[in-house]
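Notes for the structure review
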Amino acid sequence: MNYSRCLSSRSSDLLVLIAACVILVPIGWIVLAAFKSNVDVFQLKLFFSPTLANFATILDPPYVIHHKLLNSAIVALVVVVVSIPIATLAAYSLSRFKLYGASFMLTAILATQFIPAVTIVLPFFLMFRSIGMLDTLLALILIHTSIVMPYAIWMIKGFIDGIPIETEEAALVDGATRLQVIRNIVLPMAAPGVITASIFSFILSWNEFMFALVLTRRDAITLPVGLALFNAETGVQWHLLAATSLIIMIPMIVLALLIQRHFVQGMTMGAVR
Amino acid sequence: MPERYLKYILVLPAILIVVLTTGGPLIYSALLTVRQWRLTQSPRPGAFVGFDNFSRAFESPEFLRALGNTVLFIVLTVTLTVVLALTIALLLQRGGPLRRTVQALLILPFAMSPALVGISWRFLLNPEFGLFSVTLGKIIPSLAHVNWLATPELAFASMVAADVWAWTPFMSLILIGGLAALPQETIEAAQIDGASRWRVIKDIVIPQLVPVLSIVVILKTIFAVKAFDLIFMLTQGGPARTTETLSYFSYTTGFSYYDMGYASAAMWVMVLPMLLLTLFYTRYVLKS
């Protein structure tokens, strides 16, 4: 049905355009700022001579943003490589078998995502502090794995639920073991779901802020925490900050567009299809 | 291996990770709520103090303000996000190239982390060169050079606006999915009977959308309680701690004042309602 006809079609077009502007302008403005000189950034010029100098400056000390970029990439990649296989096996079992306490497990897994992160970060801070693991990538990888795991389990389970079970049963009758079935039948069919969950997990880890803020100091700083480096005594260095923001944003936008169709499902954990 | 063992072995690693990384810390922080512990004075938890940390919290003006801010932040961001998201979802229903393009754009704010949203908004709101504040000052001259982040009310309003900006597009995507799944027959029947478009939306579409709307409301409530990155980047809880929410209050108590028992108590004031909400979400909302 045509809901928007309660407005004239031109005014509804106008509202849609306004909504698009409201979404785009804040993002566009910070993107533009990344290419402005530190003089232009303090003016509202839409036309300016663009420069790549900001991207060169943020690689120099004291910023060395490529070091933070590397940290972010290592953490996110290791987190995906570790958590996705574990989540896939769990999702398969929860999808295909009747497990004692399955619904409790699923609820508990979901509940972990409802708890404010600050509650979890404090005990971890104390623990890593006492064993000298503050400011290490390993500490971040551990934590991010725990953040990503629940999403990955729910997402992959949703995909496996949608795969018909008959092929598996036929293979089992033909004498294949359960693990062979998982590897040769389920994995290829669930591949789009597993890939989506991997991308989603990568985004979560890449954008994660609070744990990285509390648990890192200098060596293991990730990109989002690195943004704080630009609060100089002379004021915020917006041009450099914008350039770094762009570096954080671009891969995420590309990845988000790749899994656009499944994005909503991932965030609501299969609640809406 | 017999299947009745295998199925548990398959879930075991995942469950262990969740229990060790969330269950463990949660229990530990619960135990800390009844301890007095300043990390600057001692590396180990101090004396057992019963519920002193909780009573201290509920007598502290900063804590009560953070609690009030949290409630207000939830109410404002949830209401605004749901109303705006529903409007956008309804506006985009008709299809066509313009609307399909805009729908594709809805994913963009979500690809920005909340920390980035906070930074971008601080940039937009800068009284001297922020696009938003300067443009607004041009349209309404009396608002020129208003420092949006310098007074408690305006800083709080800015926080709400930035948060609503970040979440509305994503919530519209959920609602677009919900609208597409509605049965069309009753809607068409009402139209044939001559009901106005507005009546159709109010009396038929929205009531049928209630399950999806409740998912949106609950998710947004949770995101509002968890909001931290955005506040950290936008206002730092300031000016003078006036825009702190419970998440932010717990953070400053734990990591600026190193008052671990007190911080844990403040956190648990949030955790309990959240656990109840999870239960409600999985029991009633996901099932329907």
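Residues numbered from 1 in each chain as written. Chains lettered and ligands numbered in written order. Predicted model: local features only at pLDDT ≥ 70, side-chain atom pairs only at ≥ 80, totals over all residues.

Considerations on the environment of B:Gln184
Residues and elements named next belong to chain B. Along the chain, Gln184 falls in the loop between helix 8 (152–180) and helix 9 (185–192). On the basis of neighbour counts, which here come to 8 C-beta atoms within 10 Å, the residue Gln184 falls in the exposed class. As a C-alpha pair, Gln184 and Val205 span 21 residues in sequence and 9.6 Å in three-dimensional space. (Helix = DSSP H or I, 4+ residues; strand = E, 2+ residues; numbered from the N terminus. Buried ≥ 20, exposed ≤ 12 C-beta atoms within 10 Å, placed from the backbone.)

Some details on the packing of helix 1 (residues 9–34) of chain A against helix 6 (residues 114–125) of chain B
Contact pair helix 1 of chain A / helix 6 of chain B: the axes reach a minimum separation of 10 Å and the direction vectors enclose 85 degrees. Accordingly, the angle class assigned to the pair helix 1 of chain A and helix 6 of chain B is roughly perpendicular. The segment helix 1 of chain A lies against helix 6 of chain B, with A:Pro26, A:Trp29, A:Ile30 and A:Ala33 engaging B:Ser120, B:Trp121, B:Phe123 and B:Leu124. By residue class, the composition of the contact of helix 1 of chain A with helix 6 of chain B is 7 nonpolar, 1 polar and no charged. (Axes fitted to C-alpha atoms, helices over the stretch in contact; angles between N-to-C directions. Parallel < 35°, antiparallel > 145°, perpendicular 65-115°, else oblique. Contact = placed C-beta atoms within 7 Å. Nonpolar A, V, L, I, M, F, W, Y, C, P; charged D, E, K, R; others polar.)

As for the nonpolar core
Residue and element names in this part refer to chain A. Grouped together as the largest cluster of nonpolar side chains are 166 residues, with contacts concentrated most on Ala87 and Ile156. When residues of this core are assigned to their parent elements, the largest contribution, 16 residues, is made by helix 6 (residues 137–161). Inspection of this core shows a minimum of three residues originating in each of domain 1 (3–54) and domain 2 (61–268). Leave out the neighbours within four places in its chain, and Ile156 touches Ala87, Thr88, Ala91, Ala190, Gly193, Val194 and Ala197. (Core = buried A, V, L, I, M, F, W, Y, C linked by C-beta atoms within 7 Å. Domains from an automatic or database assignment.)

Regarding the domain arrangement of chain A
For interface size, the figure often reported is the accessible area lost on association. Residues and elements named next belong to chain A. Annotation of chain A at the domain level lists domain 1 (3–54) and domain 2 (61–268). With 9 residues of domain 1 at the interface, the matching set in domain 2 holds 7 residues. If you tally residues by element for the side of domain 1 that touches domain 2, the top one is helix 1, at 4 residues. Of the residues that constitute the side of domain 1 that touches domain 2, the class distribution is 5 nonpolar, 3 polar and 1 charged.

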